[in-house]
Amino acid sequence: MNEPILTQEEIREINAELEHYPDKAAVAIEALKIVQKYRGWVSDDCLVAVAGLLDMQPSQLEAVATFYNLIYRRPVGKTVIHYCNSVTCWMMGSDRIGESLCRRLNVGLGEMSAGGEYTVLPIVCLGACDHAPAAMVGDRLMLDMTENAVNEIFER
Amino acid sequence: MENVTKPLTKNINPDRVFTTLADYECSGGYQGLRKAVKELQPKDVQQWVKDSGLKGRGGAGFGTGLKWSMVPGIDTPQTRYMIANADEMEPGTFKDRMLMEQDPHQLIEGLIIASYAIQANIAYIFLRGEYHLARQRLENALQEARAKSYWGEHILDSEFSLDIILHTGAGRYICGEETALINALEGKRATPRAKPPYPLVSGLWGKPTVVNNVETLCNVPHILNYGVDWYLGLGHGADKGTKLFGASGRVKRPGLWELPMGTPIREIIEEHAGGIKDGYKLRGFLPGGASTDFLLPEHLDVAMDYEAITKAGSRLGTGTLIVLDDKTCPVQMVLNLEQFFAQESCGWCTPCRDGLPWTVSLLKDIIAGKGRLEDLDTLAGLTRMLGPGNTFCALAPGAVEPLQSALKYFREDFERYIVKEAA
C-alpha cells in the first residue's frame, strides 16, 4: 500500500465542507484550495487523491483545476503576488509594476524567486479601479501601487 | 424615513471601518425582512419589487420582481435555490466589493428577503476568490445574523427557514454568467449552459434557481422598509431607484457615488470625479465596464439609465465608467480589453475561442506596424461574427462592443499605425 497522499488535516477540512452541498463534486474548488493552503500548489498526486475523496474522475477534477486563475498546477513561491493588468490598471501603469516586481525578484512571470519566497503573476481586474494600479500580495490587497511600494513589499 | 435618498450607502461613512450589525439595525436594518416574513406573503414581496421597477444591476438589466415571479409553483414545497452573484470581475467595476466590505448585512438581508419571495430554503453567496476582505466581513456578519434569528430555522419565529452558505470561487470571468456560475457551484468546469431550460425552472442541481447581483439584492431591504412609492421617487428618468456609479482612469477623484438612476454622465465625470486630470483631455469612455461600447464627449449629457445609454449606442452595464484620455492610445486600450476577453473565454464555442485570439493577433500586428488596411475590415467582420446570436453566451458579444465602437470612433488611430508603416 502506498503512503497516503493527503494529510488527516486536509481530509478533515475537506470533509467538513461536504455538509453544505448535496453533491460531493461541489466541494472541488474548496478542496483544491485546502490542499493549496498547506502545499502552495496542487500536484498530480494530490489532484488524483482529492478526486478520489470527492467521487470524481481525475480528468473531471483536472478540468476544474485548470480552469481557474487561483488554482496552481505548478509550484509557486510561498507568497504569490498578483498584479492587476486589466484596463484601468493598465492605463495607470500596471506594466511598470509588473516589470519592477520581476526585476526586483529577478524572476520572469510565474517563476519562483530565490529561496522559493515569491511568484509574480498577472491577474484580471481586482475591483479596485479607483485606486489603480492595484495588486494582491498573498491575501492582502494593495492600492495605488508605485515602484516605491513594490520595494516596500520586500523591506517589511 | 421618507427623506432617505441614498439607501445603498446610507450606512457607509469614512468615520467607520465598516457597518456592524448594531449600526445596521440602528438605521432600520432587518426591518424590511421583519415586514416581509411577518406581514407579507411571498407573492406580495414579488409584487412590491415588481412595482418598484428595480432592474438587475449586474449588467443585463432584467426586471428583478419579474424574474422572481417566473419561478414556477412556489406554493408547493420543493427544493429551490437563491444565489447572490458576488463574482464581480467586469474590468473597471468595483461596486459590489465596496457594498460587501462596508455593509455586509445589507446584502445578507436582501438575500434572505429574496429567498423568502421565491420560497427558497437554501441560499448561496458565490463570492469571487480574490475578495478576501469581503469574505471575512461576510463570514462574520452571517454568524451575527444567524445568532439573531435573521436566518436559520424559523426566521424571527415565522414559518420560513433558510440556510445560507458562503461559497468562494477561484477566479474566472465567465463565472459571472449565471449558468456558468451554476456549473461552477456544482463543481463542474464553468462553461455556460444551453438555455432553455432557464435556471428559474431548472438551475442548480436541476432545481428552480434565481441568481441576482449583489447590488440588486442590496436594494431589496429598502423597498420593503420604506415602500414602493418612496423608491419610485428616487430615479430621475425612466428607471427607478439609485445606483452606484463610478469612474476610473485619469480623472481627478476616481471613486463611487450613489446617485439617482438617470444621472447625466457629465455630472458623474465633471462633478463627482472632479473632471479629467490636469494636462489631459477627455477622449471617450466606456459607460459600464469593459464589455460596453465606447461613447464620446458629445454623449456627456446622456442620462445613465438603461434606455438612454442604449439609444446612445452603448449599454449601462455595471454603471462604472472607464475614462479614456487623449494620451492613452485607444487601439492599445482595445488590445488590452480583447486580451482580457480572449484569456477569460471559457473555450466552449468556436467563434469565441478562436475569434477573440484572432482579434488580439490582428491588433498586435497593427500596433507592431505590420498591419494592413484590410485588417480593419477583418476586425469589423469579426465583431459581427462574434456578435449576438452567433455564440453560446454573451461573453463574445460583450467583448466586441468596445472593438466595434473603437473602429467607428477612433478609426484614424488604427489607420495611423498602418499608414505610417506604408509610408
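Residues numbered from 1 in each chain as written. Chains lettered and ligands numbered in written order. Predicted model: local features only at pLDDT ≥ 70, side-chain atom pairs only at ≥ 80, totals over all residues. Heavy atoms only, no water.

**Concerning the domain arrangement of chain B**
Residues and elements named next belong to chain B.
Phase 1: Assigned domains of chain B: these are domain 1 (7-232), domain 2 (245-325) and domain 3 (330-422).
Phase 2: The distance between the C-alpha centroids of domain 2 and domain 3 comes to 23 Å.
Phase 3: Taken together, the contact between domain 2 and domain 3 spans 13 residues of the former and 15 residues of the latter.
Phase 4: Here domain 2 packs against domain 3, burying approximately 1,200 Å² in sum over the two surfaces, 66% of which is carbon and sulfur.
Phase 5: By the criterion of area lost to domain 3, the three top residues of domain 2 are Arg283, Asp293 and Phe294, representing 47% of everything that side buries.
Phase 6: Applying the counting criterion to the domain 2 and domain 3 interface returns three salt bridges. (Domains from an automatic or database assignment. Contact = heavy atoms within 4.5 Å. Buried area = accessible area lost by both parts, 1.4 Å probe. Salt bridge = Lys/Arg side-chain N within 4 Å of Asp/Glu carboxyl O.)

**What about the nonpolar core?**
Phase 1: In terms of nonpolar packing, the biggest core is built from 99 residues, with Leu54 and Tyr68 of chain A together with Ile83, Met333 and Leu379 of chain B touching the most fellow members.
Phase 2: Excluding residues that lie within four positions of it along the chain, tyrosine 68 of chain A makes contacts with Ile29 of chain A together with Ala170, Gly171, Arg172, Cys175, Ala184, Lys188 and Ala190 of chain B.
Phase 3: Within the second largest apolar cluster, 66 residues are counted, among which are Cys218, Leu224, Tyr226 and Tyr231 of chain B. (Core = buried A, V, L, I, M, F, W, Y, C linked by side-chain atoms within 4.5 Å. Buried < 20%, exposed > 50% of the residue type's maximum accessible area, 1.4 Å probe, protein only.)

**What to know about the sheet that holds strand β7 (residues 282-286) of chain B**
All names here are of chain B.
Phase 1: Spatially, β6-β5-β8-β7 is the arrangement adopted by the four strands of the open sheet, whose pairing is mixed. Sheet topology places β6 (255-260) and β7 at the edges, where each strand pairs with a single neighbour. Recorded for the sheet is a direction-independent mean angle of 30° between the axes of neighbouring strands.
Phase 2: Examined bridge by bridge, strand β5 (residues 242-249) and β6 share six bridges and lie antiparallel to one another. Note on β6: the bridge partner recorded for threonine 242 is proline 260. (Pairing = 2+ DSSP bridges. Helix = DSSP H or I, 4+ residues; strand = E, 2+ residues; numbered from the N terminus. Axes fitted to C-alpha atoms, helices over the stretch in contact; angles between N-to-C directions.)

**Notes on the side chain of threonine 216 of chain B**
Phase 1: Mapping threonine 216 of chain B onto the fold places it in helix α9 (residues 214-226).
Phase 2: Its relative accessible area of 1% is what places threonine 216 of chain B among the buried residues.

**A word on the pattern of salt bridges**
Residues and elements named next belong to chain B.
Phase 1: Enumeration over the complete set of coordinates arrives at 37 salt bridges over all chains.
Phase 2: Arginine 372 serves as the salt-bridge partner of glutamate 374, at 3.7 Å between the closest nitrogen and oxygen.
Phase 3: Arginine 372 sits in the partly exposed class, given a relative accessible area of 48%.
Phase 4: Residues arginine 372 and aspartate 375 are paired through a salt bridge, measuring 3.3 Å at the closest nitrogen-oxygen approach.
Phase 5: Exposure remark for aspartate 375: the relative accessible area of 5% places this residue in the buried category.
Phase 6: Three or more residues are tied together by salt bridges with common partners; here these are Lys95, Asp96, Glu215 and Lys243.

**Focus on a nonpolar patch on the surface**
Phase 1: There is a patch of nonpolar side chains on the surface, built from Phe62, Leu66 and Met70 of chain B and spanning about 270 Å² of accessible area.
Phase 2: For phenylalanine 62 of chain B, the position within the fold is in the loop between α3 (42-52) and α4 (64-69). (Patch = residues over 30% accessible without salt bridge, like charges linked within 9 Å, V, L, I, M, F, W, Y side chains within 5 Å. Areas by Shrake-Rupley, 256 points an atom, 1.4 Å probe, with all protein chains shown as cover.)

**What about the domain arrangement of chain A?**
Phase 1: Parsing chain A into structural domains produces domain 1 (8-67) and domain 2 (79-155).
Phase 2: Averaged C-alpha coordinates put domain 1 of chain A and domain 2 of chain A at centres separated by 28 Å.

**What to know about the pairing of strand β3 (residues 163-168) of chain B**
Residues and elements named next belong to chain B.
Phase 1: Within β3, five of the six residues are buried, which leaves it mostly tucked inside the rest of the structure.
Phase 2: Two elements, strand β2 (residues 122-127) and β3, share six bridges in a ladder whose sense is parallel. Opposite tyrosine 124, over in β3, you have isoleucine 165 as the bridge partner.
Phase 3: Crossover handedness for the path β2 to helix α7 (residues 132-147) to β3: right-handed. (Right-handed = clockwise from strand over helix to strand, strands pointing away.)

**Description of the confidence of the model for chain B**
Phase 1: Chain-level statistics for chain B give a pLDDT mean of 96 and a share of 99% at 70 or above.
Phase 2: The ipTM for the predicted assembly is 0.96, set against a pTM of 0.96. (pLDDT = per-residue confidence, 0-100.)

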